[in-house]
Amino acid sequence: MAAKLKRPPIARLLVAQSLMLAVASALGMLAAGIGGGVSALTGSAVALLPNAYFVWRAFRYQGARHTQDIVKGFYRAEAGKFGLTVALFTLVFLAVPPSNPAFFFGAYVATLLVHWLGPWLLRRPSHT
């Protein structure tokens, strides 16, 4: 009988980053009005969207038969994440320059730091 490995609960990490997006946007709006809220929203989105892309690409394959596909998927996902991050930064600064760069970069960094919560968010409950 083949062992069935469950996929890691990566969705929790993306949900936590989405919550950070909402919190950062709300704080930006309260502190600096609409401009601060939009700056925080775009900063968090620049961090969240490439991570969502990475999750979508990296965890497509599962099982020992797909080992090479898994490794290739991770490399492609990381390259795509990097390219998407560069493209989003470029798009934001050309199309919608942040009115408050402090909120933009603060929200970006705060959303990225949610990864530090990964070990707790991805932990599976023990059934002992």
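Scope of this entry: the structure provided in the associated data block. (Residues numbered from 1 in each chain as written. Predicted model: local features only at pLDDT ≥ 70, side-chain atom pairs only at ≥ 80, totals over all residues. Heavy atoms only, no water.)

This part covers the overall build of the protein chain. For the protein chain, the helix and strand inventory stands at four helices and zero strands. Overall, the protein chain shows an N-to-C arrangement of helices and strands of α-α-α-α. Counting only residues that meet the buried cut, the protein chain has 30% of its 128 residues in that class. Long-range contacts, defined here as pairs at least 24 residues apart, represent 73% of the contacts in the protein chain between residues at least 6 apart. For the protein chain, the computed accessible surface area is about 8,600 Å², with 71% contributed by carbon and sulfur atoms. (Helix = DSSP H or I, 4+ residues; strand = E, 2+ residues; numbered from the N terminus. Buried < 20%, exposed > 50% of the residue type's maximum accessible area, 1.4 Å probe, protein only. Contact = heavy atoms within 4.5 Å. Areas by Shrake-Rupley, 256 points an atom, 1.4 Å probe, with all protein chains shown as cover.)

Right, let's talk about the side chain of N51 for a bit. Along the polypeptide, N51 turns up in helix 1 (residues 10-58). Among the polar contacts made by the side chain of N51, one reaches the main-chain carbonyl oxygen of A47 at a distance of 3.0 Å. Setting aside residues up to four positions removed in sequence, N51 forms contacts with L14, Q17, K81, L112 and H115. (Polar contact = N/O pair within 3.5 Å; in protein donor to acceptor, adjacent residues only side chain to side chain.)

Secondary-structure assignment places K81 in helix 2 (residues 67-95). It turns out K81 is buried and unbridged, and the closest side chain with the opposite charge, E78, is 4.7 Å from it. One polar contact links K81 to N51, side chain to side chain, over a distance of 2.8 Å. What K81 contacts, discounting residues up to four positions off in sequence, is P50, N51, Y53 and F54. (Lys, Arg positive; Asp, Glu negative; His and termini not counted. Salt bridge = Lys/Arg side-chain N within 4 Å of Asp/Glu carboxyl O.)

Among the secondary structure elements, P50 is positioned in helix 1. Once residues lying within four places of it in the same chain are set aside, the contact partners of P50 are A45, K81, L84, T85 and L88.

On to the packing of aromatic side chains, then. Here the structure, examined in full by the defined rule, presents nine aromatic pairs. Relative to F104, the ring of F93 has its centre 5.3 Å away and its plane inclined at 70°; by these criteria the two rings are edge-to-face. Placement of F93 in helix 2 and of F104 in helix 3 (residues 101-113) is noted, with a sequence separation of 11 residues between them. Of the residues examined, F93 reaches a relative accessible area of 37% and is grouped as partly exposed. By relative accessible area, F104 is classed as buried at 0%. Sitting above the plane of the F54 ring, K81 keeps its charged end 5.5 Å from the centroid. (Phe/Tyr/Trp six-rings, centres within 6.5 Å; stacked < 30°, edge-to-face > 60°. Lys NZ or Arg CZ within 6 Å of the ring centre and 35° of its normal.)

Checked against the element boundaries, A45 lands in helix 1. Here the alpha-carbon distance between A45 and F104, two residues 59 residues apart in the chain, equals 9.7 Å. Ignoring anything within four residues of it in the chain, the contact list for A45 reads L21, P50 and L88.

A cluster of nonpolar residues, M29, I34, V38 and V96, forms a patch on the protein surface that exposes about 350 Å² of accessible area. Mapping I34 onto the fold places it in helix 1. Judged by its relative accessible area of 60%, I34 is exposed. (Patch = residues over 30% accessible without salt bridge, like charges linked within 9 Å, V, L, I, M, F, W, Y side chains within 5 Å.)

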